[in-house]
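Here's the letter readout for the chains.
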Amino acid sequence: MDFRSTQLSPPIVLTFAASDPSGGAGIQADLMTISSMGCHALSVITALTVQDTLGIDSLLAIDADWVDDQARTLLEDMPVDVFKIGLLGSIENIAVIAAILADYPDVPLVFDPVLASGRGDELADAEMISALQEMLLPQTTILTPNSLEARRLSGETDEVDNDLPLNECARRLIAYGCEYVLLTGTHENTPQVVNDLYASDGLVRSDNWQRLPGSYHGSGCTLASALAASLAHRLSVSEAVREAQEYTWKTLAAGFRPGMGQFIPDRFFWARRTEDGSDA
C-alpha cells in the first residue's frame, strides 16, 4: 500500500493574476503567500508583464480562451476551497473569469482590485472598472481595496471623488454585491495604518497597525492571498481578516530591498528565525 494515499491534501486556493517576474507582486506573490500559510496554490495566469521593483513597463493580457482553459482544466481535476483574483488584464478576461466563478457559487472569492501599480501605472480603464462592478463585485465574498482603489471602484463616472468618506465607499461597494469590504488605509494620512472591515450592516472590525517606513511592492497581493489562505483553513471572516493582517504586517516588517525600487515583503520570514525566535 502506498502510504501517500492516506495523506490528506492541504486546503487548495486557486489564484487568477498576472505574472510579475520580479517576484514582488502578482501571481508569484500569491504562490509564495498561499504556500507559506500552509495551503496548496493553483495558478491561472491572466497577463504577462515587463516590470521590476520600480514599476511596470508593459503588460500583455493572456487570451481569454487560454485563461478559461487553464482554470477549467484545474477545476475538473481538483476541488478548490477558495478563489483569489488580482490583476485580470482585459475585459475579456473579466468576463470569462466571472463565468467560471458563477459555476462555483459556494466557493468563497477574495478579490484584490488591482487598478494601478505602486508608482501609479494605470492597469484598468473606465470600461474595465465598469465590467468589474457589474460582473465580479456581485460574486465577491471579500473585496480588499486600498483607499485609492475604493474611491475609484465605488464611483459611477470617470471622475474620482478623493474626498468621499471611506465608509461611504464601502457602502457603495457592498451595494454592488460584495459581502464584505476590507478597506486598507496605507494611502491615508494617519499616524497608524487603519484597516476597516465592513459588511451590509456597517463596520465589523477596525485594526490599527504601526506604519512602517518605505514603500512595498506586493503588499496588497500578500494581504489578499493571506486572507484567501486563512479562509481556506476554515477561519471565520473576522478571524481570517485578523490573521491575514498580522501575517502581512510581519512580512512587511521583515521586508528587503533587492533592487533599486520598492521593498519586497518576506513571505517566509518565519523560516529565517532561529530557535530562540530572533532573526537568523
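For the structure itself, consult the block above.
All chains use their own residue numbering, which begins from 1 and follows the written sequence. Local features in this predicted model are restricted to residues of pLDDT 70 or higher, and side-chain atom pairs are both shown and tallied only at a pLDDT of 80 or more, whereas totals for entire chains, interfaces and linings draw on every residue. The side-chain values count all of the structure's non-hydrogen atoms but skip hydrogen atoms and water molecules.

(A) View of the pattern of salt bridges. Whenever a carboxyl oxygen of Asp or Glu lies within 4 Å of a side-chain nitrogen of Lys or Arg, that contact is scored as a salt bridge. As enumerated under the stated definition, the model contains 11 salt bridges in all. Residues Arg171 and Glu168 are paired through a salt bridge, measuring 2.7 Å at the closest nitrogen-oxygen approach. With Arg171 and Glu168 both in helix H6 (residues 166–175), this residue pair falls three residues apart, about one helical turn. Residue burial is assigned from relative accessible area. The probe radius is 1.4 Å, only protein chains are included, and a residue is buried under 20% of its type maximum, exposed over 50%, and partly exposed in between. With relative accessibility at 21%, the residue Glu168 sits in the partly exposed group. Glu168 is the partner of Arg172 in a salt bridge, and the nearest nitrogen-oxygen pair spans 3.1 Å. Here the residue Arg172 and the residue Glu168 both occupy positions in helix H6, the gap between them amounting to four residues, near one helical turn. Three or more residues joined by partner-sharing salt bridges are found here, namely Asp68, Arg72 and Asp103. We count a stretch as a helix when DSSP gives it H or I for four or more residues in a row; a strand needs E for two or more, and each element gets its number in order from the N terminus.

(B) Here's a closer look at a negative patch on the surface. On the surface, Asp63, Asp65, Asp69, Glu92, Asp125 and Glu127 cluster together to form a negatively charged patch. Topologically, Asp125 is positioned in the loop between strand E5 (109–111) and helix H4 (126–136). Distance thresholds for patches are 9 Å for like charges and 5 Å for nonpolar side chains (Val, Leu, Ile, Met, Phe, Trp, Tyr), applied to residues having over 30% relative accessible area and no salt bridge. In short, Shrake-Rupley with a 1.4 Å probe defines the accessible areas, and a residue's cover is counted only from the protein chains shown. Charge assignment: positive for Lys and Arg, negative for Asp and Glu; neither His nor the chain ends contribute. Charge coordinates come from a single atom per side chain, which is NZ of Lys, CZ of Arg, CG of Asp or CD of Glu.

(C) View of the nonpolar core. Throughout, nonpolar core names a set of buried Ala, Val, Leu, Ile, Met, Phe, Trp, Tyr and Cys residues whose side chains join them through atoms within 4.5 Å. By size, the foremost hydrophobic cluster in this structure holds 44 residues, and its most contacted members are Leu14, Phe16, Phe83 and Leu136. Looking at this core, the element that brings in the most residues is helix H3 (residues 91–102), giving six residues. Contacts between residues were defined by any pair of non-hydrogen atoms, one from each residue, lying within 4.5 Å. In this structure, Phe16 is in contact with Val44, Thr46, Ala71, Phe83, Lys84, Ile85, Gly86, Leu87, Leu88, Ile97, Ile100 and Leu101, ignoring residues within four places of it in sequence. Listed in part, the 26 residues of the second largest apolar core include Cys39, Val82, Tyr180 and Ala228.

(D) Focus on the packing of helix H1 (residues 26–36) against helix H7 (residues 219–232). In this analysis an axis means a line fitted to C-alpha atoms, helices contributing only their contacting stretch, and an angle means the value between N-to-C directions, from 0 to 180 degrees. Taken N-terminus to C-terminus, the directions of H1 and H7 make an angle of 40°; their axes are 9 Å apart at the nearest point. With respect to their mutual orientation, H1 and H7 come out oblique. The crossing of H1 and H7 is right-handed. Each of Gly26, Ala29, Asp30, Thr33 and Ile34 in H1 lies in contact with H7, whose residues at this interface are Cys221, Thr222, Ser225 and Ala226. All residues other than Ala, Val, Leu, Ile, Met, Phe, Trp, Tyr, Cys, Pro, Asp, Glu, Lys and Arg, Gly among them, are scored as polar; the first ten of these are nonpolar and the last four charged. Considered class by class, the residues forming the contact of H1 with H7 number four nonpolar, four polar and one charged. Here is the rule for angles: anything less than 35 degrees is roughly parallel, anything more than 145 is roughly antiparallel, 65 through 115 is roughly perpendicular, and the remaining ranges are oblique. By definition, turning the near helix anticlockwise from the far helix through less than a right angle yields a left-handed crossing, and turning it clockwise yields a right-handed one.

So yeah, pure geometry; function would need other evidence.
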